[in-house]
Amino acid sequence: MTGKERYEAAKEQYGKLGVNTDEALETLKNIPISMHCWQGDDVIGFDHDGPLTGGIQTTGNYPGKARTPEELMADIEKALSLIPGKHKVNLHACYAVFGEGERVDRDKLEPQHFAKWVEFGKRNGVAFDFNPTCFSHPMAEDGLTLSSPDEKVRKFWVEHCKACIRISEYLATEQGSPCAMNIWIPDGMKDVPADRLGPRARFKQSLDEILAMPYDKEKVLVCLESKVFGIGMESYTVGSSEFTLSYAAKNGIISLLDNGHYHPTEVVSDKIPSMLLFNDKIALHVTRGVRWDSDHVVLFEDETKEIAKEIVRDDAIGRVLLALDYFDASINRIAAWVIGMRNMQKALLYALLSPNKKLKALQDEGRFTELMMQQEELKTYPFGDVWNQFCERNGVPVGENWFADVKEYEENVLLKRK
Ligand code: RNT
Ligand code: ZN
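Thresholds, definitions, all that
- Within each chain, residues carry numbers counting from 1 in the order of the written sequence.
- The lettering of chains begins at A and the numbering of ligands begins at 1, in the order of writing.
- With the structure being a predicted model, the display of local features is reserved for residues of pLDDT at least 70 and the display and counting of side-chain atom pairs for 80 or more, all residues being used for whole-chain, interface and lining totals.
- No hydrogens and no water enter the side-chain calculation; it runs on all heavy atoms of the structure.
- Metal donors: N, O and S atoms at distances within 2.8 Å, or within 3.2 Å for Na, K and Ca, with water omitted from the atom set so that some sites may seem incomplete.
- Irregular is the default label, applied whenever a site is not tetrahedral (four donors, all angles between 85 and 135 degrees) and neither square planar nor octahedral (four or six donors, opposite donors over 155 degrees apart, all other angles between 65 and 115).
- Numbered from the N terminus, helices here are DSSP runs of H or I no shorter than four residues, and strands are runs of E no shorter than two.
- A 1.4 Å probe rolled over the protein chains alone gives each residue an accessible area, and that area as a share of the maximum for its type sets the label: buried under 20%, exposed over 50%, partly exposed in between.
- Each residue after the first adds 1.5 Å to the expected span of a helix.
- Any pair of nitrogen or oxygen atoms within 3.5 Å is treated as a polar contact; in protein, a donor-acceptor pairing is required on top of that, and neighbouring residues in sequence qualify only through side-chain atoms on both sides.
- For this purpose, a residue is taken to be near a molecule or strand whenever a single non-hydrogen atom of the residue falls within 4 Å of it.
- Accessible areas in this description were obtained via Shrake-Rupley with a 1.4 Å probe; residue shielding takes into account the shown protein chains only.
- All amino acids are sorted into three groups, where Ala, Val, Leu, Ile, Met, Phe, Trp, Tyr, Cys and Pro are nonpolar, Asp, Glu, Lys and Arg are charged, and the leftover types, Gly among them, are polar.
- Within 6.5 Å between ring centres, the rings of Phe, Tyr and Trp (the latter by its six-membered ring) count as paired, and their orientation is classed by plane angle as stacked under 30 degrees, edge-to-face over 60, tilted in between.
- Should any heavy atoms of two residues lie within 4.5 Å, those residues are counted as being in contact.
- Only one rule defines a salt bridge in this text: a Lys or Arg side-chain nitrogen within 4 Å of an Asp or Glu carboxyl oxygen.
- Note on terminology: a nonpolar core comprises buried Ala, Val, Leu, Ile, Met, Phe, Trp, Tyr and Cys residues joined through side-chain atoms within 4.5 Å.
- Throughout, the arc means the angular range of directions from the helix axis out to the C-beta atoms.
- Here an axis means a line fitted to C-alpha atoms, over the contact stretch when the element is a helix, while the angle between two N-to-C directions is reported on a 0 to 180 degree scale.
- Crossings are assigned a handedness: left-handed for a near helix turned anticlockwise from the far helix by less than a right angle, right-handed for a clockwise turn.

A few words on the coordination of the zinc ion (ligand 2). Ideal values differ by geometry: the angle at a metal is 109.5 degrees with four tetrahedral donors, but 90 or 180 degrees with six octahedral donors. Protein ligation of the zinc ion (ligand 2) involves Glu225 (OE), Asp258 (OD), His285 (ND1) and Asp325 (OD), the donor distances falling in the range 2.1 to 2.2 Å. Coordination at the zinc ion (ligand 2) is octahedral, judged from the six donor atoms that bind it and the angles of 71 to 169 degrees they form at the metal. Mapped onto the polypeptide sequence, the residues donating to the zinc ion (ligand 2) form the spacing pattern E-x32-D-x26-H-x39-D. One end of the pair, His285, is in strand S9 (residues 282-286); the other, Asp325, is in the loop between strand S10 (320-324) and helix H10 (333-352), with 40 residues separating them in the sequence. By relative accessible area, His285 is classed as buried at 3%.

Right, here's the structure in full:
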């Protein structure tokens, strides 16, 4: 059987459930995912020579990581060529591209330092999202940034975030579409705090100062990400869930939920519908924590599927800013991007191929036996044939065929980076 014939057979089978596979493929094609540039170089960037700090960590030493803007851009291009659909690229401030001999500190960053990215975006038809980098910096050495009791330090990071808003606005203008700018700070404490309120009050004040600057709210969508703990910040994080949700709600910015940032049995999929009832938009960092916020590559597994189901069946595709956030240095980094991005898309497709109205009706009518039966039977429907058709229609390799490309690129490009 050819792929087309397989697809036709699958289409018929899903059709019997009232699911239109063609419509699902059309919808999926138009769901952009923001691909995190930082998988390409283990979250280092180009503006410092120091290690990754801030309570996050990459492990592994797989050869071939990008060392320059040119290398990172080439790697991103390669990855995007193997991912169906049109996506965004998520930048961090530390990925500024400086001219020969030039380097400015993070509080002095300007839009021009991202002009090379804009060129890249225009060449590839890609728009950007953005993030202040409040870590991996001498001013963040004691793990405190926007909540620091040291006014000099706190102000430095306030200025950095303001610079990032200006850069985000520039990106939005150049790309002709909004730029989501996500604020995450590592701030926290290794051991039992003597004061939990003070740092949060200072963080609140810093955010107030940042958001008081004039900026175009249609262009820059400011998000705020929470966290439960970091390495070396096991006992307390300033930007906890309650803090960020409350701040975002009161100040008209967007809450960002990273599914690695909650207690191990807490799931983001269950938070999405509640958030949607009270917020016009929410933002997600989809990741995979293994025992802790380990940022493993996103797999096509239950929680990824549940997250996608909530987005789709709550009719919230346009209201959820979808981004990935993981960093694995132990495997081919381009493959890590491709696997994670394609898995997120598979999860969305799986959700789009569910007879969601029918399943809801079964729940409302209390027909739980039938509901269980139907949800389980769906798992062995010919999902793969529809996915393969999606890849084919969008001009990217079907099934595992993309991997040959990555291997070739590894041999010809990555392994030569010594
Ligand atoms: C850290 C947060 C944050 C970072 C990126 C690099 O725990 O998840 O989003 O991973 O900004
Ligand atoms: Zn995150």
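Moving on, we get to helix H5 (residues 151-175). Its 25 residues place the ends of H5 36 Å apart at the C-alpha level, agreeing with the 36 Å of an ideal helix rising 1.5 Å per residue. Sitting at the amino-terminal end of H5 is Asp150, which places a side-chain oxygen 3.0 Å from the backbone nitrogen of Lys152. Gly176 lies just past H5 and shows a positive phi near 70 degrees.

Right, let's talk about the site of ligand 1 for a bit. By nearness alone, every residue bordering ligand 1 is listed as Trp38, Ile56, His92, Trp184, Glu225, Lys227, Asp258, His261, His285, Asp293, Asp325 and Phe327. Contact distances for ligand 1 include 2.7 Å between an oxygen atom and a side-chain N or O atom of Glu225. A distance of 2.8 Å is found between an oxygen atom of ligand 1 and a side-chain nitrogen or oxygen belonging to Asp325. Bound to the protein, ligand 1 loses 100% of the 310 Å² it would expose on its own. In terms of residue class, the shell around ligand 1 is built from four nonpolar, three polar and five charged.

What follows is about the packing of aromatic side chains. The tally for this structure, following the rule as stated, stands at 14 aromatic pairs. Measuring from centroid to centroid gives 6.2 Å for Phe243 and Tyr247, while their planes differ by 10 degrees, and the two rings are stacked. Of this pair, Phe243 and Tyr247 both sit in helix H7 (residues 241-251), four residues apart, which is roughly one turn of that helix. We classify Phe243 as buried; its relative accessible area is 12%.

By the element assignment, Ser240 lies in the loop between strand S7 (236-237) and H7. Those residues within four positions of Ser240 in sequence are excluded, and the remaining contacts are Arg200, Ser226 and Lys227.

Turning to the pattern of salt bridges, a few remarks are in order. Opposite charge on two side chains makes pairing possible when the charged atoms of those side chains draw close. Under the criterion given, the structure shown has 27 salt bridges. Of the charged contacts in the structure, one is a salt bridge between Asp42 and Lys65, with a shortest N-O distance of 3.7 Å. You can see Asp42 sitting in the loop between strand S1 (34-36) and helix H3 (69-80) and its partner Lys65 sitting in the loop between S1 and H3, a full 23 residues away along the chain. Residue Lys65 is classed as partly exposed on the basis of its relative accessible area, which comes to 33%. Note that Asp47 and Arg106 form a salt bridge whose closest N and O atoms lie 2.7 Å from each other. Placement of the pair is Asp47 in the loop between S1 and H3 and Arg106 in the loop between strand S2 (88-92) and helix H4 (115-124), with a sequence separation of 59 residues.

Attention shifts here to the nonpolar core. Core analysis: the biggest nonpolar cluster contains 126 residues, and Ile76, Trp117, Phe130 and Leu284 have the highest contact counts within it. For this core, the element with the most residues is H10, which contributes 13 residues. Setting aside residues no more than four positions away along its own chain, Leu284 makes contact with Leu256, Leu257, Val268, Ile272, Ile307, Ile311, Val320, Leu321, Leu322 and Ala323. Ranked by size, the runner-up nonpolar core spans six residues in total, among them Leu221, Cys223, Leu256 and Ala283.

Looking at helix H2 (residues 21-29), one finds that the buried residues are Thr21, Ala24, Leu25 and Leu28. All buried residues of H2 lie within an arc of 100 degrees about the axis, which places them on one face of the element. Looking at the buried positions of H2, the neighbouring elements they touch are helix H1 (3-15), H10 and helix H13 (383-393).

Relative to the elements of secondary structure, Glu410 occurs in helix H14 (residues 402-412). For Glu410, the side chain forms a polar contact with the side chain of Asn332, separated by 2.7 Å. Aside from chain neighbours lying at most four places away, what touches Glu410 is Tyr62, Asn332 and Leu415.

With their axes 10 Å apart at the nearest point, H2 and H10 run at an angle of 145 degrees to one another. Crossing of H2 over H10 shows right-handed handedness. From H2, Ala24, Leu25, Thr27 and Leu28 reach across to H10, where they touch Gln345, Leu348, Leu349 and Leu352. Classifying every residue of the contact of H2 with H10 gives six nonpolar, two polar and no charged.

Examined against the element boundaries, Thr133 turns out to sit in the loop between strand S3 (127-131) and H5. Apart from the residues lying within four places of it in its own chain, the contact partners of Thr133 are His92, Ala93, Cys94, Arg106, Trp157 and His160. A polar atom in the side chain of Thr133 sits 3.0 Å from the backbone nitrogen of Cys94.

A few words on the environment of Phe390. Looking at the secondary structure, you find Phe390 in helix H13. Separated by 321 residues in sequence, Phe390 and Pro69 place their C-alpha atoms 31 Å apart. With near-sequence residues (within four places) excluded, Phe390 lies in contact with Leu25, Leu28, Lys29, Pro84 and Gln345.

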